[in-house]
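# Summary of the model geometry
For reference, the chains in residue letters:
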Amino acid sequence: MSTVTNTAHTEPMTAAAAAAYFGASLAFHADVSDVASALAADGDPGFVVLDSRSTESWDQGHIPGAVHVPTALIPEQAEQLLDKNVPVVTYCWGPGCNGATRAALALAQLGFQVKEMLGGFEYWAREGFEFETWEGSDRRTPDALTAPLHAEDCGC
């Protein structure tokens, strides 16, 4: 008979272990609001955004200024389209998709500095940021469950 561990009763990690884990998480992830803020600021945001989805998905909507390289094509196209001296932030559909993770892994294996944008295109659109489609620019009303409706930022 197997015993199931109740994680609510699992001892927490030490503060040092937690700091190392969460510090590493921030080194590997960016959130939608931070990416949008950096792209909206005057000047160079210090990174390039890469959409790793299919062409059909890209046409449906993508972040303005993003580079489009489907994950399967990264090994053959990334070095021609991207500068290894410029960090890359990958995104895919959303939290239910690991395409951005697979794209980030492929880029890291080629020697790129890379982060994954948490929330993907889904949260970009849900938070009310402008996006481009094959028909032009669009923007949705922010979803109150993902972004504050009457504030500049979420405060987190």
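Residues numbered from 1 in each chain as written. Predicted model: local features only at pLDDT ≥ 70, side-chain atom pairs only at ≥ 80, totals over all residues. Heavy atoms only, no water.

## Remarks on the sheet that holds strand 4 (residues 88–91)
Where strands meet in a sheet, backbone hydrogen bonds hold them as pairs that are either parallel or antiparallel. One open sheet holds the 5 strands; their spatial order is 1-5-4-2-3, and the pairing between them is parallel. For this open sheet the edge positions go to strand 1 (29–31) and strand 3 (67–68), each flanked by a neighbour on one side alone. Contacts between helix 2 (residues 32–40) and the sheet are confined to strand 1, strand 2 (48–51), strand 4 and strand 5 (114–118), with strand 1 contributing the most and set at about 75° to the helix. (Pairing = 2+ DSSP bridges. Helix = DSSP H or I, 4+ residues; strand = E, 2+ residues; numbered from the N terminus. Contact = heavy atoms within 4.5 Å. Axes fitted to C-alpha atoms, helices over the stretch in contact; angles between N-to-C directions.)

## Digging into the environment of L82
The residue L82 is located in the loop between helix 4 (74–81) and strand 4 in this model. Owing to a relative accessible area of 9%, L82 belongs among the buried residues under this scheme. Sequence separation between L82 and L50 is 32 residues; the distance between their C-alpha atoms is 9.4 Å. For L82, the residues in contact, after removing those within four places along its chain, are V48, L50, V67, V88, L107 and F112. (Buried < 20%, exposed > 50% of the residue type's maximum accessible area, 1.4 Å probe, protein only.)

## Side note on the nonpolar core
Ranked by size, the top nonpolar core spans 16 residues in total, and within it V35, V49, I63, A66, Y91, M117 and W124 carry the most contacts. Counting residues per element, the ones that place at least two in this core are helix 2, strand 4 and helix 6 (120–126). When neighbours within four sequence positions are excluded, V35 is seen to be in contact with A30, F47, V49, V89, M117 and W124. Formed by 13 residues, the second largest nonpolar core is a distinct cluster that contains V69, I74, A103 and A104. (Core = buried A, V, L, I, M, F, W, Y, C linked by side-chain atoms within 4.5 Å.)

## What to know about the pattern of salt bridges
In this structure the tally under the stated criterion is 5 salt bridges. Close ionic contact of R126 with E122 constitutes a salt bridge, the shortest N to O distance being 3.1 Å. Of this pair, R126 and E122 both sit in helix 6, 4 residues apart, which is roughly one turn of the helix. A relative accessible area of 23% means that R126 is categorised as partly exposed. Looking at E122, the relative accessible area reads 33%, which means it is partly exposed. Connected through shared salt-bridge partners, E122, R126 and D143 make up one network. (Salt bridge = Lys/Arg side-chain N within 4 Å of Asp/Glu carboxyl O.)

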